[in-house]
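Chains, contacts and geometry: an overview
For reference, the chains in residue letters:
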Amino acid sequence: MDSDLIKLVNRLQDTFSNLGGELDMPQLVVVGSQSAGKSSVLENIVGRDFLPRGQGIVTRRPLVLQLIHTPSPDPAAPTYTEWGQFLHIDKRFTDYHEIRKEIEQETFRVAGQNKGISKLPISLKIYSPDVLDLTLVDLPGLTKIPVGDQPSDIERQIRGLVVEYISKPNSVILAVSAANVDLANSDALKLARSVDPQGRRTIGVLSKLDLMDAGTNALDILTGRVYPLKLGFIGVVNRSQQDINSEKSLPDALDSEAEFFRSHAAYRNIAHKNGTKYLARTLNQVLMNHIRDKLPDMKARLNTLMGQAQQELNSFGDAAIYGDKNQQGGLILRLMNKFAHDFVASIEGTKVDISTKELSGGARIYYIFNDVFGHALASIDSTSNLDNQDIRTAIRNSTGPRPSLFVPESAFDLLVKPQIKLLESPSLRCVELVYEELVKICHNCTSVELERFPRLHAQLIECVSELLRERLGPTSEYAQSLIEIQAAYINTNHPAFISGSAAAAQAATSPAPKPAQPSRPQSNEPINGVPALEDDDESSAAEEPVGTNGVLSRDGRSVSSTLHDRTRVTGSAPTAKASLSKPHPAQGPRHSSAHSQVTQPGAPGTSPHTARETFLNYFFGQNGPGPIAGSTVDRSHSPAPVPTGRDISNAETSGPTGLMAGKRTLDGNNAAFDMKSLGRHIEAISSSEPGSQITLREEMETSLIRSLIASYFSIVRQSIQDLIPKAIMHFLVNYTSQQVQNRLVASLYKHELFADLLNEDEALVAERTRVKALLDAYKEAFKTLSEVNLKPI
């Protein structure tokens, strides 16, 4: 049985090379520098010329050479007794010249013509009665620099290829070195020592002993006194290039080699331990002993590989059940239930293989509700798209031809409903985002067993996606109806709106009382009717109305002020002298009028309280439901408001003011209204340019409307932020989770669909066939190795 060890390994190597097995077979790996004589050594062992020859690098692909000893020829047998056979072509080669040509052509086919190398091996078997059972791997020779059109990193490529083979523990290294080169410069021994430091699986071969300088010999190296190796050094003498050119036969070359060792004075005593024939016998014995030593490891490795192959085969399932309808139906039901369970578990967060690297499943839906949707609603400013002109126009349109004593409620309704509609877009987008996440969850619900049936998997995803699409419409419609419900009835009786709006309006429009400052000197009286600079700044800061979200209300620029600015182009000096001068150009006209009312208690038509306080007291009833006695403002005795502009130093104090005041032409004359141009005038007045004037009452009404809109919008926003996620969970998420299994069974559990749904992927069928064949090969190899006699020779 020992003689069959190498044949067994060769058979296993062929099997696993075709099937892609991971079992490393014991083999002899030939390593050496370029032109060190590796190919000549192999030819001497075989006894035939069959390897390519030439200048430079010739061996550019690994050659796995299996030598198989055949019995002596029988006279009744075929005419040929020796032949070669490649693994990549099903043909027997009886002519060794054809074997050489096939090696060259296969090398060119894969490695190309540019002297590059390839890791893909060429497998060659040689059957002959003149060879011993051996398995050798001939590798490209080690080089230093690229020549010709070789890649610049050819040295690194060759070294990487050689190390890949010799680093396997089951490989025996055959390090070939030329005897006419110092052994200290041997690249083969250097690489062998890097992977086999103790020299336990390295055989040294010295070639070109006949080419050493006269008076020198390699006796010390061959006897192991220079570089000790456990398996020793063996010297060989190959044919010279002249012998090859003269076509000297290999049998004659072997006779010449034997005569060289017998006649050499230094080698005659060790001639029986040198030469090609001794090398072949030694390699055969070393390989068999190495195989025998590695058998326990090979068995253990085979056990592991069989377990892995069996587990992989089980994951593919058994194809024998697909012919039975009952078994097919049971399999489809099981896969449906598993798919539905994974879908619901991903939403609920109870899935076994939950990712710890990123949010997934239901956690992403919560993120949409809390962060994406919440931030989208919070970023909406309730009055950012409403300027003072819009609010003033809405108030005037709501009163019709009659003046109003109060802020009309219809104006508030008219303004707040479009603002509520701003919540519709983020709400619908929230529905779409949750729908998209559910579709992603559906696509991620898979398993190894389900991947065997791509059509079934695709139908499951399509069925759940269709259910989600059906629920997307009702969910979006309900979310839209929630916004419409909020806009359909403006509940001004809401407790939060009553208390919040009153406090907000009070804070927004009432001026803060000036605290007494005893440390200041008593020189704050107005001088010539003009207040001091610091007092005026403080009063303007205290009386500046605060808009929504802490933004100051904007002062419009009146039409008359714009015309006055244009009048300044003519350079009218008397107009400039008559204009009202201010100590600070940034003060608004409403500040000066309000300040004059506060600082002149003796003025007619005024009271100790400001007009703003009177207006708010009338609405919110600090002293009862009606207005405070004496708190009304006599508009005929109140000072005329100063027009607003960027620079009011040239604004005239005399002349009619107001929105319907007459226009002033460029020459300074007043012009009566022409009824034909009234449309253009109203259009100009209604424009949003900063020239339109705002009165004190309009300012208070605008501020009040802004506060009321902000208060009510906040209530609606909180309600929508709470109701939209609930609606999505009820109409979309929970409904789909509850109905997904019923929908799958109703749509796909049909006997006529079983065969199509259980149609396996072709690549998977091929992979299962390969794994099954590999498992059978593992079992057969393990059985054969178990019968091998382990008794040492």
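Reference entry: report on the structure contained in this document. For every chain, the first residue of the written sequence is number 1, and numbering continues from 1 along that sequence. For this predicted model, a pLDDT threshold of at least 70 governs which residues receive local features, and a threshold of 80 or more governs which side-chain atom pairs are given and counted, while totals over whole chains, interfaces and linings are taken from all residues. Hydrogens and waters are ignored; side-chain quantities use all the structure's heavy atoms.

**Overview of the overall build of the chain**
Helix and strand definitions follow DSSP, with helices as H or I runs of at least four residues and strands as E runs of at least two, each counted in order from the N terminus. Of regular secondary structure, the chain possesses 25 helices and 11 strands. With 793 residues in all, the chain has 44% of them scored as buried. Residues count as neighbours in contact if any of their non-hydrogen atoms are within 4.5 Å of one another. At a minimum sequence separation of 6, the contacts of the chain that also span at least 24 residues come to 81%. Summing over all exposed atoms, the chain offers an accessible surface of approximately 40,800 Å²; the carbon and sulfur share of this is 53%. Each residue gets one of three labels from its accessible area relative to the maximum for its type: buried under 20%, exposed over 50%, partly exposed in between, using a 1.4 Å probe on protein chains only. Using the Shrake-Rupley algorithm and a 1.4 Å probe, accessible areas are obtained, with residue cover drawn only from the displayed protein chains.

**A short note on the environment of L219**
Residue placement: L219 occurs in helix α6 (residues 219-222). Look at L219 and you get partly exposed, because its relative accessible area is 23%. Residues L219 and G235 lie 16 residues apart in sequence; the distance between their C-alpha atoms is 9.5 Å. If sequence neighbours within four positions are ignored, L219 has contacts with R225, A266, Y267 and I270.

**A short note on the packing of aromatic side chains**
By convention, a stacked pair of Phe, Tyr or Trp rings (six-membered ring in the case of Trp) has centres within 6.5 Å and planes under 30 degrees apart, an edge-to-face pair has planes over 60 apart, and any other such pair is tilted. Enumeration according to the criterion identifies 11 aromatic pairs in this entry. With centroids separated by 4.7 Å and ring planes inclined at 35 degrees, the aromatic side chains of Y478 and F731 adopt a geometry described as tilted. Separated by 253 residues along the polypeptide, Y478 in helix α15 (residues 454-488) and F731 in helix α23 (residues 696-748) bring together distant segments of the chain. Grouping aromatic residues by their ring pairs yields a cluster made of F260, F261 and Y267. Look at NZ for Lys and CZ for Arg. If either is within 6 Å of the ring centre and within 35 degrees of the ring normal, a charge sits over the ring. Sitting above the plane of the Y165 ring, K168 keeps its charged end 5.2 Å from the centroid. Cation over ring: R471 sits above Y735, and NZ or CZ is 4.0 Å from the ring centre.

**Here's the deal with the side chain of E82**
Residue position: E82 is located in the loop between β2 (63-69) and β3 (83-86). Under this definition, polar contacts are N or O atom pairs within 3.5 Å; protein pairs additionally need one hydrogen-donor-capable and one acceptor-capable atom, and for neighbouring residues in sequence, both atoms have to be side-chain atoms. At 3.0 Å, the side chain of E82 and the side chain of R48 are in polar contact. In this structure the side chain of E82 is engaged in a polar contact, spanning 3.3 Å, whose partner is the side chain of S128. With near-sequence residues (within four places) excluded, E82 lies in contact with R48, T94, Y96, Y127, S128, P129 and D130.

**Details of the packing of helix α12 (residues 388-399) against helix α13 (residues 409-421)**
Think of each axis as a best-fit line through the C-alpha atoms, taken over the contacting stretch in the case of a helix, with angles from 0 to 180 degrees between the N-to-C directions. Contact pair α12 / α13: the axes reach a minimum separation of 8 Å and the direction vectors enclose 135 degrees. It follows from the interaxial angle that α12 and α13 lie oblique. Crossing of α12 over α13 shows right-handed handedness. Residues D390, I391, A394, I395 and S398 of α12 touch α13, and the partners they reach there are S410, A411, L414 and L415. Roughly parallel means an angle under 35 degrees; roughly antiparallel, over 145; roughly perpendicular, 65 to 115; everything else is oblique. Helix crossings get a hand from a simple test, with the near helix turned counterclockwise from the far one by less than a right angle marking a left-handed crossing and a clockwise turn marking a right-handed one.

**With respect to the pairing of strand β7 (residues 171-178)**
Most of β7 sits inside the fold, with 8 of its 8 residues counted as buried. Residues S171, I173, A175 and S177 of β7 are buried on one face, and the alternating residues V172, L174, V176 and A178, pointing to the opposite face, are buried as well. Across 6 bridges, strand β1 (residues 27-32) lies against β7 in parallel orientation. Bridge assignment links V30 to a residue of β7, and that residue is L174. The pairing of β7 with strand β8 (residues 202-207) spans 6 bridges and is parallel. Directly across from L174, in β8, lies its bridge partner I203. Seen with its strands pointing away from the viewer, a crossover is right-handed when the path leading from the first strand over the helix to the second is clockwise. For the handedness criterion, the β-α-β arrangement of β7, helix α5 (residues 187-195) and β8 is classed as right-handed. A pair of strands is labelled paired if DSSP reports no fewer than 2 bridges between them.

**Brief notes about the pattern of salt bridges**
By convention in these notes, a salt bridge is any Lys or Arg side-chain nitrogen within 4 Å of a carboxyl oxygen on Asp or Glu. Per the stated rule, a full pass over the model turns up 24 salt bridges. Two residues, D49 and R239, come together in a salt bridge whose shortest N-O distance is 2.4 Å. Highlighted residues: D49 in the loop between α2 (38-46) and β2 and R239 in the loop between β9 (233-235) and α7 (241-245), separated in sequence by 190 residues. We classify D49 as partly exposed; its relative accessible area is 27%. By sharing partners, the salt bridges in this structure join E43, D49 and R239 into a single network.

**Considerations on the environment of R469**
Counting through the fold element by element, R469 comes out in helix α15. C-alpha separation for the pair R469 and Y435, spaced 34 residues apart in sequence, amounts to 8.2 Å. Those residues in contact with R469 that sit more than four places away from it in its chain are Y435 and E462.

**Description of unusual backbone geometry**
Look at K208: it is not a glycine, yet its phi comes out positive at around 60 degrees. Assignment of secondary structure puts K208 in the loop between β8 and α6.

**Quick look at a nonpolar patch on the surface**
A cluster of nonpolar residues, L359, Y367 and V372, forms a patch on the protein surface that exposes about 250 Å² of accessible area. Of note, L359 is situated in the loop between α10 (325-348) and α11 (362-378). Patch membership needs two things, relative accessible area over 30% and no salt bridge, and members are linked within 9 Å if like-charged or within 5 Å if nonpolar (Val, Leu, Ile, Met, Phe, Trp, Tyr).

**Some remarks on helix α25 (residues 762-786)**
A helix's residues, less one, multiplied by 1.5 Å, set its expected span. Taking 1.5 Å per residue as the helical rise, α25 with its 25 residues ought to reach 36 Å, and the 36 Å between its terminal C-alpha atoms agrees with that figure. Listed in full, the buried residues belonging to α25 are L764, R768, V771, L774, L775, A777, Y778, A781, T784 and L785.

**Some points on the packing of helix α14 (residues 424-444) against α23**
Between α14 and α23, the shortest axis-to-axis distance is 10 Å and the interhelical angle comes to 35 degrees. Where α14 crosses over α23, the two elements pack in a sense that is right-handed. Here α14 contributes S427, C430, V431, V434, Y435 and L438 to the contact with α23, which in turn contributes I720, I724, I728, L732 and V733.

**Looking at the pairing of β8**
Here β8 lies mainly inside the structure; 6 of its 6 residues are buried. Alternating residues of β8 divide into T202, G204 and L206 and I203, V205 and S207, and every residue in both groups is buried. Relative to β9, β8 runs parallel, the two sharing 3 bridges. Each residue of the ladder has a partner; that of G204, found in β9, is F233.

**A short note on helix α3 (residues 96-111)**
With 16 residues, α3 extends 22 Å between its outermost C-alpha atoms, agreeing within 8% with the 22 Å of an ideal straight helix rising 1.5 Å per residue. Where the residues of α3 are buried, they touch α2, β2, β3, β4 (92-93) and β5 (122-128). Two or three places before H97, at the opening of α3, D95 has a side-chain oxygen 3.1 Å from that residue's backbone nitrogen. One or two positions beyond α3, positive phi appears at G112, with a value near 85 degrees.

**Re the state of the cysteines**
In plain terms, two cysteine sulfur atoms within 2.5 Å form what is called a disulfide here. Within the structure shown, the criterion is met by 0 disulfides. For C442, which is in no disulfide, the shortest distance to another cysteine sulfur is to C445 and amounts to 6.5 Å. Judged by relative accessible area, which is 0%, C442 ranks as buried.

**Looking at the sheet that holds β9**
Where strands meet in a sheet, backbone hydrogen bonds hold them as pairs that are either parallel or antiparallel. Judged by pairing direction, the sheet is mixed, and its 9 strands sit side by side in the order β4-β3-β5-β2-β6-β1-β7-β8-β9 without closing on themselves. Only two strands of the sheet have a single partner each, and these edge strands are β4 and β9. Inspection of the sheet shows β1 paired to strand β6 (residues 134-138) by 3 bridges, in the parallel sense. In the strand pairing of β6, V30 is matched with D138. Along the sheet face, helix α4 (residues 154-166) touches β1, β6 and β7 and points at about 150 degrees away from the line of β1.

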